[in-house]
Amino acid sequence: MTADQWIALFAALAGGALRVGVPFLFVSLGECLTEKSGRINLGLEGVLVLSAMAAFGGAYLSGSAWVGVLVAAAAGAALACLHAALCSLPRVNDVATGIALMLLGMGLAFFLGKPLIQPQAPQIPALPLGDWSDISSVRAALQINALLPIGLLLAVAMAWVLRRTRAGLVLRMAGDSANAARALGYSVKRIRMGATMAGGAIAGLGGASLTLFYPGSWNEGISSGQGLIAVALVIFARWSPLRCIAAAALFGGAGAIGPALQSIGIGWGYHLFNTVPYVLTLLILVSTCRPGTASAGSPGELTANAK
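Residues numbered from 1 in each chain as written. Predicted model: local features only at pLDDT ≥ 70, side-chain atom pairs only at ≥ 80, totals over all residues. Heavy atoms only, no water.

Q: Would you mind going over the overall build of the chain with me for this structure?
A: A count of helical and extended segments in the chain gives 14 helices and two strands. Looking at the 307 residues of the chain, the share that counts as buried comes to 52%. Sequence separation of at least 24 residues holds for 76% of the intrachain contacts in the chain that already meet a minimum separation of 6. For the chain, the computed accessible surface area is about 13800 Å², with 68% contributed by carbon and sulfur atoms. (Helix = DSSP H or I, 4+ residues; strand = E, 2+ residues; numbered from the N terminus. Buried < 20%, exposed > 50% of the residue type's maximum accessible area, 1.4 Å probe, protein only. Contact = heavy atoms within 4.5 Å. Areas by Shrake-Rupley, 256 points an atom, 1.4 Å probe, with all protein chains shown as cover.)

Q: Quick question: what am I supposed to make of the side chain of Asn-145 here?
A: Secondary-structure assignment places Asn-145 in strand S2 (residues 143-145). For Asn-145, a relative accessible area of 1% gives the class buried. Polar side-chain contacts of Asn-145 include one of 2.9 Å to the backbone nitrogen of Leu-147. (Polar contact = N/O pair within 3.5 Å; in protein donor to acceptor, adjacent residues only side chain to side chain.)

Q: How should I be thinking about the nonpolar core in this particular structure?
A: One recurring pattern in soluble globular proteins: nonpolar side chains tend to sit buried together. Counting 72 residues, the largest nonpolar core has Phe-24, Leu-29, Val-69, Ile-124, Leu-212, Trp-218 and Phe-251 as its most contacted members. With ten residues, the top contributor of residues to this core is helix H2 (residues 44-62). Here Ile-124 is in contact with Ala-65, Trp-66, Val-69, Asn-145, Ala-146, Leu-147, Ala-208, Ser-209, Leu-212 and Phe-213, once residues within four sequence places are set aside. (Core = buried A, V, L, I, M, F, W, Y, C linked by side-chain atoms within 4.5 Å.)

Q: Looking at this structure, how should I read H2?
A: For an α-helix, the turn length of 3.6 residues means that residues three or four places apart are oriented alike. Between the first and last C-alpha of H2 there are 26 Å, a value that for 19 residues agrees with the 27 Å anticipated at 1.5 Å per step. By the criterion of burial, H2 is predominantly enclosed, with 16 of the 19 residues buried. Following H2 by one or two positions, Gly-63 adopts a phi angle in the positive range, close to 80 degrees. (Expected span 1.5 Å × (residues − 1).)

Q: Would you mind going over the packing of helix H7 (residues 166-176) against helix H9 (residues 188-212) with me for this structure?
A: The angle between the axes and the distance between the axes are what describe a pair of packed helices. Put simply, H7 and H9 touch, their axes get as near as 10 Å, and they point 110 degrees apart. It follows that H7 is roughly perpendicular to H9 by the angle criterion. Residue-level inspection shows Val-170, Leu-171 and Ala-174 of H7 in contact with H9, the latter providing Val-188, Ile-191, Arg-192 and Ala-195. Classifying every residue of the contact of H7 with H9 by side-chain character gives six nonpolar, no polar and one charged. (Axes fitted to C-alpha atoms, helices over the stretch in contact; angles between N-to-C directions. Parallel < 35°, antiparallel > 145°, perpendicular 65-115°, else oblique. Nonpolar A, V, L, I, M, F, W, Y, C, P; charged D, E, K, R; others polar.)

Q: Explanation requested: helix H3 (residues 65-87) in the structure shown.
A: Over its 23 residues, H3 extends 33 Å from the first C-alpha to the last, a length consistent with the 33 Å expected when each residue adds 1.5 Å. Structurally, the start of H3 carries an N-cap: the backbone nitrogen of Trp-66 is 3.4 Å from a side-chain oxygen of Ser-64.

Q: Could you clarify how one ought to interpret the packing of aromatic side chains in this entry?
A: Two aromatic rings are characterised by how far apart their centres lie and by the angle between their planes. The final tally for this structure, using the stated rule, is one aromatic pair. The positively charged end of Arg-19 is found above the aromatic ring belonging to Tyr-214, 5.6 Å away from the centroid. (Phe/Tyr/Trp six-rings, centres within 6.5 Å; stacked < 30°, edge-to-face > 60°. Lys NZ or Arg CZ within 6 Å of the ring centre and 35° of its normal.)

Q: Mind showing me how you'd approach the packing of H2 against H3 here?
A: The N-to-C vectors of H2 and H3 enclose an angle of 145 degrees; their axes lie 7 Å apart at closest approach. Note on packing geometry: the crossing formed by H2 with H3 is right-handed. Of the residues in H3, those touching H2 at Gly-46, Val-47, Leu-50, Ser-51, Ala-54, Ala-55, Gly-58, Ala-59 and Ser-62 are Ala-65, Val-67, Gly-68, Val-71, Ala-72, Ala-75, Gly-76 and Leu-79. Classifying every residue of the contact of H2 with H3 gives eleven nonpolar, six polar and no charged. (Left-handed = near helix turned anticlockwise from the far one by under 90°.)

See below:
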């Protein structure tokens, strides 16, 4: 390989990690916020797929990609609100409800999105980070999603709110000890409802990045399980919004290996490299989950519900 090919490869890996990692970042932040309140939402795969379809439809009908982004956040919040409402009922299991809502969200997206498979919608603008290079492949690889800076700022803001504000303290209290929160006069049901809806809206931004930037179209297989992978990603990040950035970059880089190699003419094993994110998910779950023990940073209510 020549020096230019090595540069192109590393640029493709870096740019691919940033592109592929954006949905992981938003979905993991949404799940992190939800789980911090003491509720788990396995329905985020349905949220991601439904919001991706809603984003594409909103952008197509309105002619504005940013309208599509707002529609995606609203769709994610709506499905998450249904999840929160059902989970607040007596004797309703979070995990079972999440799986049911995942199927509902995907079914709605597939049904309502049938007319959107062929049309083209306005795309989210790209931020050119490769103008320093004279190599066209490097400049093309470093076209970054304009939602990425928003996601980074959101992660920093979420970490600050959770650690430095009264609202963050109350949210973490509801996640660590619902009885303590109730003893102080807080409504755990309302806290979890708000956190789940906010988490769904944030995850919806990840759906918008799928259909309005990369790959930039709507089809029924667009998510490829990224919403479910985000649950493992949150465990890997130890329920820290800032660590979610690094975890999303890691998963994004894993998903970018195949396309990066293909960009420099190495096509062997392309589909095999596409399995790397799923293998990484299995490794993380096997290495971090121990029966009868709580993972470091895990909200206390999640551990109590798992027993």
